[in-house]
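Each chain, written out:
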Amino acid sequence: MYRFLMSRQWVILVLVALLLIPTMIRLGIWQMHRYEERTARNQLVSDALAAKPVPVESLTGPGHTVTSAERYRTVTATGRFDAEDEVVVRRRTSADDEVGYHVLTPFVLDDGKVLLVNRGWIPGDRKSQTTYPKVPAPPGGELTVRGRLMPSETTEASGIKNLEGLPDRQIMLINSEQQARRLKAEVLGGYIAQTAPDPRGDTPELLGNPGKEDAALNYAYAVQWWLFAAAVPVGLVVLARREARDRQAGSQRTASGEKEPAAV
């Protein structure tokens, strides 16, 4: 009854199924790994944002590489802004996905070291991408700033190319080593995204809290791939049994002298 399984059509169908099953299982495993990675990252972000603020120099110093456990930690620093050495970071988007700049201002600490402060987002000049934009001045005098500690940006991690020949005081990446060479100063590793004090007139626009990644979606995809993998052999069995019934019914009609129904 099932000798038709040895036909060329069925052999090809079974081989394709044998390839699909392990592929779908591996895709499910990959999605589960993504689920675990995103869940761990979300937990790190939540823990960092919930932690009490600490002095910035307790977590970073000149030449330090900010770790994933230190990222997003709220830190404080006392000193003064150096607006003369301020730069803007090109091709950054606002909360409404409008393209503009981030304002990066050196913050000179009481001990003379420099902390890079991302003061937030400002709109770009639609008429010119080479003219230095109008940047609201930072507060003068000594003050205490608060922000989320961030690692230096690199092309490998961000995918942003570090273009050369940019207009004066414009950069592509926020990188403490590069800024240390430019400023000829001791610059703390990484930078902070300012959260306080609030800017005058709400500009620059402070950066929002990091969003949580949708880990549940990866979990759903993993289950979906595994269900697909389980459905393939079930589908093969159903197709084989259906064809066997059709062949048996055809044989019985032939034996009883009935004509095969004409194809429509």
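Relevant structure appears above.
(A) Region of interest: helix 1 (residues 8-50). With 43 residues, helix 1 extends 63 Å from end C-alpha to end C-alpha; this agrees with the ideal 63 Å at 1.5 Å per step. For helix 1, the complete set of buried residues consists of W10, A17, M24, G28, Q31, M32, N42, V45 and A48. In the core, the buried residues of helix 1 are packed alongside strand 2 (74-81) and helix 4 (215-255).

(B) Looking closely at the pattern of salt bridges. Summed over the entire model, instances satisfying the criterion amount to five salt bridges. Here E153 and R92 are joined by a salt bridge, their closest N and O atoms 2.8 Å apart. With E153 in the loop between strand 6 (143-150) and helix 2 (155-158) and R92 in strand 3 (residues 87-93), this pair connects stretches of sequence that are 61 residues apart. Taking relative accessible area as the criterion, E153 reaches 13% and is therefore assigned buried. We note a salt bridge from D111 to K113, for which the minimum N-O separation is 3.4 Å. Taken together, the shared-partner salt bridges in this structure form one network comprising E57, D111 and K113.

(C) Up close: helix 3 (residues 176-183). Those residues of helix 3 lying buried are S176, Q179 and L183. Each buried residue of helix 3 lies within a common arc of 60 degrees when the element is viewed along its axis, so the set occupies one face. Along helix 3, exposed side chains directed more than 90 degrees from the buried face belong to E177 and R181. Tucked inside the fold, the buried residues of helix 3 contact strand 3, strand 4 (99-109), strand 5 (114-123) and strand 7 (170-171). You can read the cap of helix 3 off the contacts: a side-chain oxygen lies 3.0 Å from the backbone nitrogen of E177, and it is on N175. Just downstream of helix 3 lies K184, where phi reads positive at about 55 degrees.

What counts and how
- Residues numbered from 1 in each chain as written.
- Predicted model: local features only at pLDDT ≥ 70, side-chain atom pairs only at ≥ 80, totals over all residues.
- Heavy atoms only, no water.
- Helix = DSSP H or I, 4+ residues; strand = E, 2+ residues; numbered from the N terminus.
- Expected span 1.5 Å × (residues − 1).
- Buried < 20%, exposed > 50% of the residue type's maximum accessible area, 1.4 Å probe, protein only.
- Contact = heavy atoms within 4.5 Å.
- Salt bridge = Lys/Arg side-chain N within 4 Å of Asp/Glu carboxyl O.
- Arc of directions from axis to C-beta.
- Polar contact = N/O pair within 3.5 Å; in protein donor to acceptor, adjacent residues only side chain to side chain.

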